Amino acid sequence: MADLFADDIPPIPASASASQQEPRADAPLPDRLRPRALSDVIGQEHLTGPEGVIGRMVAAGKLASMILWGPPGTGKTSIARLLADAVGMRFVSISAVFSGVAELKKAFAEADKMASAGQKTLLFVDEIHRFNRAQQDGFLPFVERGTVTLVGATTENPSFALNAALLSRAQVLILERLTGDALGALLTRAETLEGPLPLTADARAALVASADGDGRFLLGQAETLYNANLPAPLSPAELGAFLQRRVAVYDKDRDGHYNLISALHKSLRGSDPQAALYYMARMLTAGEEPLYVLRRLVRFASEDIGLADPQALVQCLAAKDAYDFLGSPEGELAIVQACLYLATAPKSNAAYAAQKSAFKAARETGSLMPPANILNAPTKLMKDIGYGEGYAYDHNSEEGFSGDNYWPEGMAAMTFYEPVERGFERKVRERIAYWDKLRTERA
């Protein structure tokens, strides 16, 4: 493999140091706001700070090969550039998306020549996980003999994306998604350069939340706002309308269709089996597609009954199967049976309310990592960084309940599902209250 990469071919030019590279005035905002020193990197102080791995390497003036693993927009490329500058190394960057063996040959051949002249090379490989296993093996001899110091960047789990031989020669460093405070600091830098964003305080907070820890995305959205020359600050709702393009609503000109399905739904919710059956009969005798009615009944079973009667959803799906099996008109009796079951069942929208509040929390908190103790650790790397450590197996606990914490670090426990005092949910409510009591006692 070493001979393959040692061909005499034209070199890839190295970049100037980060401090020497002035971005063009018309460059995108994220590029103009790239940090100029490691101390300017936001949100990765656990690595770049004085006590961090990278901080200690720079202080010692010696870099080891490393893999930077983290979500998009967290500073992997910026850190690599600044590392080379901090220790006086030549910086060469290639992308595994656009590069192949030819580019690697050029990089290694030139690094060999520069090493002979006393100049060390930091080779940054973006999206390194996109190189196949054989290509990854090609790095090994050059990393081993110090021809290059390899800094790879990946958004994929290195345990699965990189081969063991490469992982054994490079330290994996984990970058964290940017916190709200870090993203806010990025916006402050943008405003120092470009002026205040045309947003209210609430809209600014909404913009930060929408970035989901991605600094590059956040700055791209900010640039869009600056370029729009908006006449007045946007509210959160106006910001959402401005940055997102909604698909136009498809409107069937069948008012009776929508009026009758609304009447059916509300009659079911009001536990009036006679009215519900009437409106359903109106629809079916007018030629409404029976499968459409069944879809609405299935939806109702989850939205308005839920766990107050778990059999409601089963009855609707059984009615759908019966109709598929029998067809019209025999199968329509199964639809009638499902309709009557829903109308007479205990009602609860607790599952529906839980869905809305849980989805809202998921959008606002983004991709927070679960606690390490409840993550699987199928590889040595994942075990070494604490995945699965300290997990309490509930079946080994008293009454099959450990009372462990399953929420992401930094996120307080929330309540989405609140069962009602009707039907089967009364029992569910009792179970949850019992578990909450045990959890409090064992805290």
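One can find the structure itself at the top, above this paragraph.
Residues numbered from 1 in each chain as written. Predicted model: local features only at pLDDT ≥ 70, side-chain atom pairs only at ≥ 80, totals over all residues. Heavy atoms only, no water.

Participant: Teacher, can you tell me more about the pairing of strand β3 (residues 121-126) here?
Facilitator: The side chains of a regular strand alternate between the sheet's two faces. Most of β3 sits inside the fold, with 5 of its 6 residues counted as buried. Judged from the 6 bridges that link them, strand β2 (residues 90-95) and β3 form a sheet pairing that is parallel. Across the sheet, Ile 94 pairs through a bridge with Val 125, a residue of β3. In terms of handedness, the path from β2 via helix α6 (residues 101-116) over to β3 forms a crossover that is right-handed. (Buried < 20%, exposed > 50% of the residue type's maximum accessible area, 1.4 Å probe, protein only. Helix = DSSP H or I, 4+ residues; strand = E, 2+ residues; numbered from the N terminus. Pairing = 2+ DSSP bridges. Right-handed = clockwise from strand over helix to strand, strands pointing away.)

Participant: Which parts of the structure should I look at to understand the nonpolar core?
Facilitator: Nonpolar side chains tend toward joint burial in soluble globular proteins. Membership of the largest hydrophobic core comes to 29 residues, with the highest contact counts inside it found for Leu 123, Val 125, Ile 128, Phe 131 and Phe 139. When contributions to this core are tallied by element, the ones reaching two or more residues are β1 (66-69), β2, α6, β3, α8 (140-144), α10 (164-167) and α21 (380-384). With 4 residues, the top contributor of residues to this core is α6. If we skip the residues at most four places from it in the chain, Ile 128 touches Ile 67, Ala 96, Gln 136, Leu 150, Gly 152, Ala 153, Thr 154, Leu 162 and Leu 166. (Core = buried A, V, L, I, M, F, W, Y, C linked by side-chain atoms within 4.5 Å. Contact = heavy atoms within 4.5 Å.)

Participant: Teacher, can you tell me more about the packing of helix α11 (residues 180-194) against helix α13 (residues 215-228) here?
Facilitator: Any two packed helices are characterised by how steeply their axes cross, that is the angle between the axes, and by the distance between the axes. Two elements in contact, α11 and α13, have axes separated by 10 Å at closest approach and are oriented at 35°. Once α11 is placed against α13, the crossing between them reads as right-handed. Along its contact with α11, which presents Leu 183, Leu 186, Leu 187, Ala 190, Glu 191 and Glu 194, the element α13 presents Gly 215, Leu 218, Leu 219, Ala 222 and Tyr 226. (Axes fitted to C-alpha atoms, helices over the stretch in contact; angles between N-to-C directions. Left-handed = near helix turned anticlockwise from the far one by under 90°.)

Participant: Whenever I open this one, the state of the cysteines confuses me. Can you help?
Facilitator: Chemically, a disulfide is nothing more than a covalent bond linking the sulfur atoms of two cysteines. As enumerated under the stated definition, the model contains 0 disulfides in all. Free of any disulfide, Cys 316 has its nearest cysteine sulfur in Cys 339, 9.1 Å distant. Exposure remark for Cys 316: the relative accessible area of 0% places this residue in the buried category. Taking the relative accessible area as the measure of exposure, Cys 339 reaches 0% and is therefore buried. (Disulfide = S-S within 2.5 Å.)

Participant: Could you clarify how one ought to interpret a nonpolar patch on the surface in this entry?
Facilitator: On the surface, a nonpolar cluster with roughly 320 Å² of combined accessible area is contributed by Tyr 391, Tyr 393 and Tyr 406. A residue is classified by how much of its surface remains accessible, and Tyr 393, at 45% relative accessible area, is partly exposed. (Patch = residues over 30% accessible without salt bridge, like charges linked within 9 Å, V, L, I, M, F, W, Y side chains within 5 Å. Areas by Shrake-Rupley, 256 points an atom, 1.4 Å probe, with all protein chains shown as cover. Salt bridge = Lys/Arg side-chain N within 4 Å of Asp/Glu carboxyl O.)

Participant: When you look at the pattern of salt bridges in this model, what are you seeing that I'm missing?
Facilitator: Oppositely charged side chains may form a pair once their charged atoms are brought near each other. Applying the stated criterion to the full structure yields 19 salt bridges. Put simply, Arg 429 and Glu 421 hold a salt bridge, and the shortest N to O gap is 3.5 Å. Residue classification places Arg 429 among the partly exposed residues on the basis of a relative accessible area of 36%. Salt bridges sharing partners connect three or more residues here, namely Arg 269, Arg 299, Glu 303 and Asp 304.

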